[in-house]
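# Breakdown of the fold
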Amino acid sequence: MPEIKVTPLGAGQDVGRSCILVSIGGKNIMLDCGMHMGYNDDRRFPDFSYITQQGRLTEFLDCVIISHFHLDHCGALPYMSEMVGYDGPIYMTHPTKAICPILLEDFRKITVDKKGETNFFTSQMIKDCMKKVVPLNLHQTVQVDDELEIKAYYAGHVLGAAMVQIKVGSESVVYTGDYNMTPDRHLGAAWIDKCRPDILISESTYATTIRDSKRCRERDFLKKVHETVERGGKVLIPVFALGRAQELCILLETFWDRMNMKAPIYFSTGLTEKANHYYKLFITWTNQKIRKTFVQRNMFEFKHIKAFDRSYIDNPGPMVVFATPGMLHAGLSLQIFKKWASNEKNMIIMPGYCVQGTIGHKILNGQKKLELENRQTLEVKLQVEYMSFSAHADAKGIMQLIRMAEPRNMLLVHGEAKKMEFLKDKIEQEFSINCFMPANGETITVLTNPSVPVDISLSLLKREMALGGPLTDPKKPRTMHGTLIMKDNSLRLVSPEQALKELGLSEHQLRFTCRVPFQDPHSDSDTLVRIYTHLKSVLKGYTIQHLPDGTVMVESIVIKVSSSPEEPNTKVLLLSWSYQDEDLGSFLSTLLKKGLPSVLSSM
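Our subject in this report is the structure included herewith. Position labels on residues start from 1 in each chain and follow its written sequence. Per-residue local features of the predicted model are confined to residues with pLDDT of at least 70, and side-chain atom pairs are confined, for both listing and counting, to 80 or more; whole-chain, interface and lining totals are unaffected and use all residues. For side-chain calculations, the full set of non-hydrogen atoms in the structure is used, while hydrogens and water are omitted.

## Remarks on the sheet that holds strand E24 (residues 483-487)
Here we have three strands laid out as an open sheet, ordered E23-E25-E24, and mixed in their pairing. Strands at the two margins of the open sheet, each flanked by one partner only, are strand E23 (455-456) and E24. The pairing criterion for strands is at least two bridges between them, as found by DSSP. The helix count covers DSSP runs of H or I at least four residues long, the strand count covers runs of E at least two residues long, and both are numbered beginning at the N terminus. Pairing of E24 with strand E25 (residues 490-494), which is carried by five bridges, proceeds in the antiparallel orientation. Considered in E25, the bridge of Leu484 is made with Leu493. We call two residues contacting when some pair of their heavy atoms lies within 4.5 Å. Between N-to-C directions, angles span 0 to 180 degrees; the directions come from axes that are lines fitted to C-alpha atoms, helices contributing only their stretch in contact. Lying on the sheet, helix H14 (residues 496-503) is in contact with E24 and E25; it crosses E25 at an angle near 125°.

Below, the structure is given as structure tokens:
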């Protein structure tokens, strides 16, 4: 029986280091190749030795697919392709291809140039890795090879994020990457058609959360920022350069305009300027409102939001600063936090998910004393607020996607074990499908029952309708007899006559024969009469004939009686039938082996 195997090398009962291996129809695909924000050692990258202990990965993988540009989904890509070794195709959308190398280079600078780490990919490796990228367009079916095809769907979440359908023959898997089922101020909602995959692999970051209305959250966010600025405090908003950052910038820009606010808003430079450039470049990936107003006004050119300089950290008075990265694990956001943490007038607003091990995760869990590098301790006095502007689907959104795609099986990744367990039970209960949540390195095997599409000739259909009568229930399976012709990767079922004509062959008759020993004191002709009478009484609705040549026919089945002069009471019944009447032939041989009823025997 065909099967699909799924093994997470990362993001199995965990958030970070997304990397899923899928084996389908003899093909091996790697879905995402991310790094873990919570680790600075070997655990940062997926364990590729699972694929092979030595040598390159090229011969073991048919392709690699990257869902979006966040580092927990693409951060290990140059390490995998250039240091471990992979020369095959890497698929991603056009915006991901444009933004991915910028984020990878920024990550490399922080890790190598600032922290001085060795055994890390170089700038040249990033460039060489990106040369292997094949760009994907939405809803375009791409043939990776003769059998493997992939298709991308809009995922919301961030610019260029895509869900991917992987298909080999009639077997298919859909991988969501990260997605958002509700539209926001700059992106639309995720969408997929009713593709009924064998497995839907979905992220489950917010497996147990059902978020309140977005408008309430936005009002709350603006109120907290406004109150802090009014009392002379500073607001730090750690964000990743793309996605949530643009969302909150649009929100604050319109609020500052409306309220005629004077306090400065800053954004950490470099990355964001490039980010806004790509939003303009890939305007078609944004939502309808932005596309409509783009001609009159570009929503990514901000009047109130200026570039931040490190010297502004110690400036007196209120200010709002968006700084990267979003989890306070390194970079400018962590530097500003260290400076502002001791003043209770200040506030930090965490707008998204923080991985375990990061400073962001620690302060959200109420930690008031932090141990930093060089054994320094930091007292946290500023106000800490968590407001989910996360661009991930919540529990309701995940259920909505399942209704959309109608998968046969469900597999959860990119979430915390306890929360996944809860969602897994809910999915199995509501949809009556199997739901899996493998840990890293654990393989899930799903048996598939692929359907093979076959074209049926009109003449054969008409003949079957004439013989079997009209279809009472079109959905009910019906057995059809014909000749299967395979040509140019397509299958056709035609009548035997048509097949012979097309293939230029002459017809051969194939018949099955069976000998049944039979005890009867009467003459051969009398035995045949009694068999005829018995079958007439047992087989209602069949054509049964006693022919002059001394045979009985039931449909295409011929029955003869013979005996030897030495033992006239021991008869041999010879049964012969064509393949169409195989079931009836087997039934008759079993019936006659039992002999004739006593009433007939005394005739």
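## Comments concerning the pairing of strand E2 (residues 19-24)
Any residue under 20% of the maximum accessible area for its type is buried, any over 50% is exposed, and the rest in between are partly exposed; the area is computed with a 1.4 Å probe on protein chains only. The element E2 is largely enclosed, with a buried count of five among its six residues. Where strand E1 (residues 3-10) lies against E2, six bridges are found, and the strand directions are antiparallel. When the bridges of E2 are listed, Pro8 appears paired with Ile20. Pairing between E2 and strand E3 (residues 27-31): five bridges, direction antiparallel. Among the inter-strand pairings, Ile24 is bridged to a residue of E3, identified as Lys27.

## Side note on the state of the cysteines
Sulfur atoms of two cysteines make up a disulfide when they are within 2.5 Å. Taken as a whole and judged by the stated rule, the model has zero disulfides. The thiol sulfur of Cys435 is not disulfide-bonded, and the nearest other cysteine sulfur, from Cys195, lies at 17 Å. Overall, the relative accessible area of 2% leaves Cys435 in the buried class.

## As for the pairing of strand E10 (residues 171-175)
Burial analysis of E10 places five of its five residues in the buried class, the great majority of the element. Side-chain alternation along E10 places Glu171, Val173 and Tyr175 on one buried face and Ser172 and Val174 on a second face that is also buried. Sheet topology places strand E9 (residues 162-168) next to E10; five bridges connect them, and they run antiparallel. What sits directly across from Val168, in E10, is Glu171. Counted along the chain from E9 to the antiparallel partner E10, the turn is two residues long, and its residue Gly169 has a positive phi close to 60°. Relative to strand E11 (residues 199-203), E10 is paired through three bridges, and the arrangement is parallel. When the bridges of E11 are listed, Val173 appears paired with Ile199.

Purely geometric stuff here, so don't read any function into it on its own.
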